[in-house]
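Notes for the structure review
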Amino acid sequence: MRADVPPATGALAAFLIGRLVVRRLDGVLLSGRIVETEAYLPDDPASHSFRGRTQRNRTMFGNYLHAYVYFIYGSAYCLNVSSEADGIGAAVLIRALEPVEGIALIRERRGAGVADRDLMRGPGRVCSALDIDRRLDGADLETDPRLWLAEDGTIPPAVGMSARIGLSRAADVHQRFYARGSRYLSGRRSLSPR
DNA sequence: CAGAGGATCGGCT
DNA sequence: GCCGATCCTCTGG
């Protein structure tokens, strides 16, 4: 691979927009359409993998299409998809989903008073809605019966790009991808121009 | 072992 | 829009 070839991580982050995350929970299927992702590239100062492999981030360094789940701010889990070959630390953060299947159970899990628009609008809310935590870290998203990625044949939406959200480093790197026009985006409006 | 910081959320102004 | 909660993880001594 040469330097002018787009990194697989960025390509995956864009490709995943419009695809589904599916969770099986006690035999019930919960799913959502991916409307927002962020790429955390190899050698990215904002990435958990930047300072090398640790106990927490080791699935980022494993093969691609495995779940990397971490806990943040004492309150939220975030779901990522590992995105490069074995030995390279990189991942795609799933930032927001549009509810598709199992909405009744998702509403129940998120609690009364939460607007449908907010059920999975934000990475912590995605994991809260789908009961994703460190138990799922390392899950193979091609074979695990609890969590996987799917396509449903719908036409992929137009994809926009912007800076990533909530970073103190590499804040100018435009590796956030979103479905244009979706009402389920987590970012501020200035980051999602219509 | 102590300290600091963080890919967030929800509540309040 | 701003702010605090909350606790895991990593780093340095």
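In the block above lies the structure referred to throughout.
Reading the values: rules and limits
Residues numbered from 1 in each chain as written. Chains lettered and ligands numbered in written order. Predicted model: local features only at pLDDT ≥ 70, side-chain atom pairs only at ≥ 80, totals over all residues. Heavy atoms only, no water. Buried < 20%, exposed > 50% of the residue type's maximum accessible area, 1.4 Å probe, protein only. Helix = DSSP H or I, 4+ residues; strand = E, 2+ residues; numbered from the N terminus. Pairing = 2+ DSSP bridges. Salt bridge = Lys/Arg side-chain N within 4 Å of Asp/Glu carboxyl O. Core = buried A, V, L, I, M, F, W, Y, C linked by side-chain atoms within 4.5 Å. Contact = heavy atoms within 4.5 Å. Near = heavy atom within 4 Å. Polar contact = N/O pair within 3.5 Å; in protein donor to acceptor, adjacent residues only side chain to side chain. Nonpolar A, V, L, I, M, F, W, Y, C, P; charged D, E, K, R; others polar.

Take the pairing of strand 5 (residues 91–101) next. Summarising burial for strand 5: eight of the 11 residues are buried, a large majority. Here nine bridges tie strand 2 (residues 28–40) to strand 5, and the two strands are oriented antiparallel to one another. Looking at the pairing, Thr37 lines up with Ile94 of strand 5. Bridging between strand 4 (residues 76–82) and strand 5 involves three bridges; their strand directions are antiparallel.

Right, let's get into the pattern of salt bridges. Pairs can form between side chains of opposite charge once their charged atoms are near each other. Summed over the entire model, instances satisfying the criterion amount to 14 salt bridges. Residue Arg33 is joined to Asp152 by a salt bridge in which the shortest nitrogen-to-oxygen separation is 2.8 Å. Residue Arg33 is located in strand 2, and its partner Asp152 is located in the loop between strand 6 (147–150) and strand 7 (159–162); the two are separated by 119 residues in the primary sequence. For Arg33, a relative accessible area of 17% translates into the label buried. For Asp152, a relative accessible area of 38% puts it in the partly exposed group. In this structure, the salt-bridge partner of Arg121 is Asp118, at a minimum N-O distance of 2.8 Å. Using a relative accessible area of 17% as the deciding quantity, one classes Arg121 as buried. Each of Arg23, Arg109, Asp131, Asp133 and Arg135 takes part in one network of salt bridges that share partners.

In this section: the nonpolar core. Within the largest apolar cluster, 37 residues are counted, with the highest numbers of intra-cluster contacts made by Leu79, Leu97, Met120, Leu130, Ile132 and Leu147. At the level of elements, helix 1 (8–15), strand 1 (20–25), strand 2, strand 3 (67–72), strand 4, strand 5, helix 3 (123–130) and strand 8 (176–179) are the ones that each hand at least two residues to this core. Discounting chain neighbours no more than four positions away, the residues touching Met120 are Ser31, Gly32, Arg95, Ala96, Leu97, Glu98, Pro99, Ile106, Arg125, Val126, Ala129 and Leu130. Met60, Tyr70, Cys78 and Leu93 belong to the second largest nonpolar core, which has 10 residues in total.

Turning our eyes to something else, we now look at the protein's contact with DNA strand C. What surrounds DNA strand C is the set Arg51, Thr54, Gln55, Arg56, Phe71, Tyr73 and Gly74. Each atom of DNA strand C within 4 Å of the protein was assigned to sugar, phosphate or base; sugar and phosphate come to 76%. Arg56 places a main-chain nitrogen or oxygen 3.2 Å from a phosphate oxygen of DNA strand C. Here a base oxygen of DNA strand C and a backbone polar atom of Gly74 are 3.5 Å apart. Grouping the constituent residues of the surface near DNA strand C by class yields two nonpolar, three polar and two charged.

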